[in-house]
Amino acid sequence: MKSGDSTTINVPPESSAVSKGKAPLLPVAAGPASSGGWKKGIAIFDFILRLFAMVAALAAAAAMGTSDETLPLFTQFFQFQASYDDLPTFQFFVIAMALVAGYLLLSLPFSIVTIVRPFAAGPRILLLVLDTVALTLTTAAGGAAAAIVYLAHNGNSNTNWMAICQQYGDFCQKVSGAVVGSLIAAMLFVFLVVLSAMALRRI
Amino acid sequence: MKAGAALDVGGASKMPTTGISRGVSALGFILRVLAFICTLGSAIAMGTTNETLPFFTRFIRFRAEYDDLPTFTFFVAANGVVSGYLILSLPFSIFHIMRSAAQNSRIVLVIFDTIMLALLTAGASASAAIVYLAHKGNTKTNWFAICQQFNSFCKRISGSLIGSFGGILLFILIILLAAIALSRR
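For every chain, the first residue of the written sequence is number 1, and numbering continues from 1 onward in sequence order. Lettering of chains starts at A and numbering of ligands starts at 1, both following the order in which they are written. At least 70 in pLDDT is required for a residue's local features to be given in this predicted model, at least 80 for side-chain atom pairs to be given and counted, and no such filter applies to totals for whole chains, interfaces and linings, which use all residues. Computation of side-chain values covers all heavy atoms of the structure but excludes hydrogens and water.

Our working rule: UniProt positions are given in the numbering used here, feature names are shortened, and annotations may be inferred rather than shown by experiment.
Chain B has the name CASP-like protein in an unreviewed UniProt entry, where Punica granatum is given as its organism. The record in UniProt for chain B states the following under Sequence similarities (unreviewed entry): "Belongs to the Casparian strip membrane proteins (CASP) family." Here chain B is described in UniProt, under the heading Subcellular location (unreviewed entry), as follows: "Cell membrane".

Per an unreviewed UniProt entry, chain A goes by CASP-like protein and derives from Punica granatum. UniProt annotates chain A under Subunit (unreviewed entry) with the comment "Homodimer and heterodimers." Quoted verbatim from the Sequence similarities (unreviewed entry) heading of the UniProt record, the comment on chain A is "Belongs to the Casparian strip membrane proteins (CASP) family."

Structure, rendered in structure tokens:
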């Protein structure tokens, strides 16, 4: 019965040292400590990327929101003005980037929770889903504004749409910079989603 | 005897977990097939637009095609790339149904799914902005609403957006299911 089938439970104390040398239990005991450090590193990197993405989203919203330009020439009846709320797509852009920046600010506590508790899967899955939705919103705002900015730079001869950038230079520059900022935020979101997926692995 | 009993207990608790994991992977496979249909339909619907107005002057014909606007060309290309990727990822999805413990290949699939989601959303939102302009025009920039002349072209480009946005929603669900399958013990 002692040396029969069971090796780990019915072993006498003097051979338990031998069984410790064989180490059937040691990997399980040392596993959580080592993989916890790895997951913690991912969570810290996630937090830093979140900060950068928040700065990028806020900068994009601010650049688009303050993009008013008034041309120095005017006629007797009206002035030549360009602002972001002349185009509904740019209005959507400002609102969407502000929402995304607010979401990133509110998700910072959840990111800190994943740093403190590396093995909790709940906050990670929640962050992954919300990050995917925020990625979609950011890319939608950036893509739509990029289409309008492309039109403003190049115009379109087939539809008789004139390139307004030739007149409104400053407005165009600010708006293009805002689009670049939002696409940087989208790329950071892709990294955030991938990091959350990698940290969800069960080890 | 005790070790044998421990093994039995371990085996019984693993079975329902494997069953749920298989169900999640199977649902992901079905969503992938649906997303393929959606994006392929969108690409074809946008790519076969061609409307010629019944009147013409001596010098120009009034014609509207999807490649008159570079944004629509990008839309067709993005939807084509995403539907091609979905077809190529179906074998991996089947492999995940069969072997629920695969982790590295699931993560690779999540990486590519996220990139494809971003590409699809960029194409869909850019052409949504152009379709909105085509419907409403813009008085401040003197951009004329072309939908008033090209009716069936307008309907076709608006309808092809639906498949693309459906594909976006399905991609979000696919990524969520992959995350659930990754985190199950």
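Back to the text.
Quick notes on the overall build of chain A
The test is simple: Put simply, DSSP marks the helices as runs of H or I at least four residues long and the strands as runs of E at least two long, and each gets a number from the N terminus on. Think of it in three bands: with a 1.4 Å probe and only protein chains considered, a residue is buried below 20% of the maximum accessible area for its type, exposed above 50%, and partly exposed in between. The contact criterion used is simple: two residues touch if any of their non-hydrogen atoms lie within 4.5 Å. Here the Shrake-Rupley method, with its probe set to 1.4 Å, supplies the accessible areas, and only the displayed protein chains count as covering residues.
Looking only at helices and strands, one finds 5 helices and 2 strands in chain A. In sequence order, the secondary structure elements of chain A are arranged as α-α-β-β-α-α-α. Relative to its full complement of 203 residues, chain A shows a buried share of 45%. A separation threshold of at least 6 residues defines the contact pool for chain A, and within that pool the share at least 24 residues apart is 77%. Taken as a whole, chain A presents about 10,500 Å² of accessible surface, with 70% of it coming from carbon and sulfur.

Some details on the environment of Ile-175 of chain B
Mapped onto the secondary structure, Ile-175 of chain B falls in helix α4 (residues 151-183). Assessed through its relative accessible area of 1%, Ile-175 of chain B is described here as buried. Here the alpha-carbon distance between Ile-175 of chain B and Ala-128 of chain B, two residues 47 residues apart in the chain, equals 24 Å. Contact partners of Ile-175 of chain B, with chain neighbours within four places excluded, come to Leu-128, Thr-132 and Val-193 of chain A together with Asp-113, Thr-114 and Leu-117 of chain B.

Some remarks on the UniProt feature "transmembrane region" (unreviewed entry) in chain B
All names here are of chain B. UniProt's entry tags residues 24-46, 72-95, 107-134 and 161-182 with the feature "transmembrane region" (unreviewed entry), counted in the numbering of this structure. Structurally, residues 72-95 comprises 100% helix and 0% strand, and the distance from its first C-alpha atom to its last is 35 Å. As a span, residues 107-134 carries 100% helix and 0% strand, and end to end its C-alpha atoms are 40 Å apart.

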